[in-house]
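Architecture and fold: a report
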Amino acid sequence: MHRPSRTRSLAIAATAILLAVMASPAEAHEPWDDGSVPPPPPSSPADGYSQNMHLLSTDEHTGGVNSDLAFAGNLVFAGHYGGFRIVDISEPGAPVELADVHCNGPQGDVSVWRDLVFLSVDTPQSTPGCEGSRNVTASTPSAWEGIRVFDVSDPRAPRFLQAIRTDCGSHTHTLVPREDGGTYIYVASYPLSASNIGPDCRAPFEHISVIDVPGGDAEAGLAATVVAEPTIKGIDTFSGASGDFFACHDIQVLTPRKLAAAACLSQGQLWDISNPLAPRVIANIDTPDVDIWHSAAFTHDGKYVTFGDEYFGPAQEPFGAIWTYAVDDPSTPLSHLRIPRAEPSTYHNFNYVPVAGRNILVSSAYGSGTSVVDLTDPRNPKEIAYYDMQSNQWSTYWYNGLIIANDISRGVDVLRFSGRETAGARKLPMLNPQTQTFLLR
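These remarks concern the structure in this document.

Here is what the cut-offs are and how they apply
Residues numbered from 1 in each chain as written. Predicted model: local features only at pLDDT ≥ 70, side-chain atom pairs only at ≥ 80, totals over all residues. Heavy atoms only, no water. Phe/Tyr/Trp six-rings, centres within 6.5 Å; stacked < 30°, edge-to-face > 60°. Helix = DSSP H or I, 4+ residues; strand = E, 2+ residues; numbered from the N terminus. Buried < 20%, exposed > 50% of the residue type's maximum accessible area, 1.4 Å probe, protein only. Lys NZ or Arg CZ within 6 Å of the ring centre and 35° of its normal. Pairing = 2+ DSSP bridges. Axes fitted to C-alpha atoms, helices over the stretch in contact; angles between N-to-C directions. Disulfide = S-S within 2.5 Å. Contact = heavy atoms within 4.5 Å. Salt bridge = Lys/Arg side-chain N within 4 Å of Asp/Glu carboxyl O. 1 Å grid on protein atoms, 1.4 Å probe; cavity = no way out; pocket = protein on both sides within 12 Å on 5 of 7 lines; lining within 4 Å. Points joined across faces, edges and corners; volume = space filled by probe spheres on them. Nonpolar A, V, L, I, M, F, W, Y, C, P; charged D, E, K, R; others polar. Polar contact = N/O pair within 3.5 Å; in protein donor to acceptor, adjacent residues only side chain to side chain.

**Observations concerning the packing of aromatic side chains**
Centre distance and the angle of the planes are the two values used to describe a pair of aromatic rings. Taken as a whole, this structure holds 13 aromatic pairs when the rule is applied. When the centroid spacing of 6.4 Å and the interplanar angle of 85 degrees are considered together, the rings of Phe71 and Tyr397 count as edge-to-face. Residue Phe71 is found in strand β3 (residues 66-72), and its partner Tyr397 is found in strand β29 (residues 393-399); the two are separated by 326 residues along the sequence. By relative accessible area, which is 0% here, Phe71 ends up buried. An aromatic cluster of three or more residues is present, and its members are Phe71, Tyr397 and Tyr399. The ring of Phe438 has Arg426 sitting right over it, with the charged end atom 4.2 Å from the ring centre.

Here it is as structure tokens:
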């Protein structure tokens, strides 16, 4: 099937996005949405849920756009367009919000490292601090976008530490931990909007920013700084207001194999990150039927990698699917899977359950809720569970026996999957879904 042009991708993007955020029409979750396309009519009655999926609780957060998630201990760090929340899920059926940090700056991609939280901002703000306002122009002298750093050693009273400006801001970011107790941050951004700032924020762009964080306490957070801007080139480009460019959306790292999987809008890539300050492209993956390469995740044995296609056009096979490849030979997809239900949406943010011998993917699916997919046979994927109450879920991840979703307009959902496929799953002290630091055989 012929792939829609990148220009067409920009034109049709608003339809699905506005469906996802219609509860908050003033906001949009991707910068290529200009709000010019009206939302579609209400969908058909709710598909409901499979018998092996159970909603335990919802910690509501309404009136804005909720985005990505990170986890540490019993705490959920839930990003949103106005900052981030910290929710205690010690009792999964009765979560407790400990803090809601108001610090405007879409899109609120969030990660946690010991006592530090990092927050992505990809829309210019009037000042770097949380007192700033939005809707400023790139020509505003104090305009800022990039990564904000917070001290969360007291989760009931998070403290803003500093803001690190990066070219074109930060749409997403990924932690790359080091053995010395510090971490690098790969900052992914792109020049889709004329309002983005930075001396090199223009087509063809072709780079990421790397931030060095020397530790995990407040002192290290204050010392974090940009140390590299490595060039990343591809074999295809994406069209935006500033011209054709190459840039990445989500990046997942697999540190034991010193690999990264980069969803780079116009194509997927595998990187050798043996030198984390200079990633080297080792595979270009350009499956014609993927419209926008959005997310990526390695299986926990390191053998396979799954990419998500953020498709915004009319429902048609195979667009909007997840695509799986062998890491050692990604030249041809092993399989793809679209959501096999009425009015299917598109897979968005996901991770693999840390269980040996099986590949179980947990994913958000925008208007199709949450989907659980068995990819143990990567050539024969099948959905084995879902929870779809006509919600608009941005992120859904497996974490320590639970499925946690951040619903765009409602808040944090805590679910449980009762199938045997995840029996024996490993429990983790923390999770940044874009950072995988171990292998399971």
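**Describing the sheet that holds strand β22 (residues 304-309)**
Pairing in this open sheet of four strands is antiparallel, and the strands run β21-β22-β23-β24 from one edge to the other. Lying at the two open borders of the sheet, with one neighbouring strand each, are β21 (293-298) and β24 (335-337). Neighbour to neighbour, the strand axes of the sheet diverge by 20 degrees on average, direction disregarded.

**A look at the state of the cysteines**
Following the criterion strictly, the structure yields three disulfides and no others. A sulfur-sulfur distance of 1.9 Å marks the disulfide that ties Cys168 to Cys201. Its torsion about the S-S bond being 115 degrees, the disulfide of Cys168 and Cys201 is classed as right-handed. Of this pair, Cys168 sits in the loop between β10 (159-165) and β11 (172-177) while Cys201 sits in the loop between β12 (183-188) and β13 (209-213), and the two are 33 residues apart along the sequence. With a sulfur-sulfur separation of 2.1 Å, Cys248 is cross-linked through a disulfide to Cys264. Taking the torsion about the S-S bond as the criterion, the Cys248 to Cys264 disulfide, at about 70 degrees, is right-handed. Of this pair, Cys248 sits in the loop between β16 (243-245) and β17 (250-254) while Cys264 is found in the loop between β18 (259-263) and β19 (268-272), placing the two residues 16 residues apart along the sequence. Assigned by exposure class, Cys248 and Cys264 land together as buried. Here the protein chain pairs its bonded cysteines, counted in sequence order, in the arrangement 1-2, 3-4, 5-6.

**Description of the side chain of Ser395**
Following the sequence through the fold, Ser395 ends up in strand β29. By relative accessible area, which is 0% here, Ser395 ends up buried. Excluding residues within four positions of it along the chain, Ser395 makes contact with Ser67, Asp68, Leu69, Asn349, Ser364, Ile404, Ala405 and Asn406.

**A word on the pattern of salt bridges**
Side chains that differ in charge, positive against negative, can pair when their charged atoms come close. Under the criterion given, the structure shown has twelve salt bridges. Across the pair Arg159 and Asp151 runs a salt bridge whose closest N-O atoms are separated by 3.1 Å. Under the relative-accessibility criterion, Arg159 is labelled partly exposed at 44%. For Asp151, a relative accessible area of 8% puts it in the buried group.

**Thoughts on the sheet that holds β10**
Taken together, four strands build an open sheet; the order of strands is β7-β8-β9-β10 and the sheet is antiparallel. Each of the sheet's edge strands pairs with one partner strand only, and the pair in question is β7 (107-113) and β10. Each neighbouring strand pair of the sheet contributes to a mean axis angle of 25 degrees, computed without reference to strand direction.

**Side note on the pairing of β19**
Among the five residues that make up β19, five are buried, leaving the element largely enclosed by the rest of the structure. Burial along β19 is two-sided: the face carrying Gly268, Leu270 and Asp272 and the face carrying Gln269 and Trp271 are both buried. Of the pairings in the sheet, the one linking β18 to β19 comprises five bridges and is antiparallel in character. Across the sheet, residue Ala262 finds its bridge partner in β19, namely Gln269.

**Points about unusual backbone geometry**
Across the junction of Pro106 and Gln107, the peptide omega takes the value 10 degrees, indicating a cis bond. Mapped onto the elements of the fold, Gln107 is located in strand β7. The peptide bond linking Glu317 to Pro318 adopts the cis configuration, its omega dihedral lying at 5 degrees. You can see Pro318 is positioned in the loop between β22 and β23 (322-326). Even without a glycine there, the phi angle at Lys258 is positive, about 50 degrees. With respect to the helices, strands and loops of the structure, Lys258 is situated in the loop between β17 and β18.

**A short note on the environment of Ala263**
Mapped onto the elements, Ala263 comes out in strand β18. Each C-alpha atom of the pair Ala263 and Cys248 lies 5.7 Å from the other, and the pair is 15 residues apart in sequence.

**Comments concerning empty space enclosed by the protein**
Regions of empty space are outlined by a rolling probe, equal in size to a water molecule, passed over the atoms. Scanning the entire structure with this criterion turns up three cavities of 30 Å³ or more. By volume, the largest cavity is sized at about 60 Å³. In terms of lining, the largest cavity is formed by eleven residues, of which the most central are Gln107, Thr172, Asp250, Asn349 and Trp394. Class assignment of the residues belonging to the lining of the largest cavity gives a composition of one nonpolar, six polar and four charged. Considered class by class, the residues forming the lining of the second largest cavity number two nonpolar, three polar and one charged.

**Comments concerning the environment of Phe319**
As for its placement among the helices and strands, Phe319 is situated in the loop between β22 and β23. Taking the C-alpha atoms as reference, Phe319 lies 9.5 Å from Ile292; in sequence the two are 27 residues apart.

**Some points on the environment of Ser57**
Relative to the helices and strands, Ser57 resides in strand β2 (residues 53-60). For the pair Ser57 and Asp413, spaced 356 residues apart in sequence, the C-alpha to C-alpha distance is 5.9 Å. A distance of 2.6 Å separates the side chain of Ser57 from the backbone oxygen of Pro92, its partner in a polar contact.

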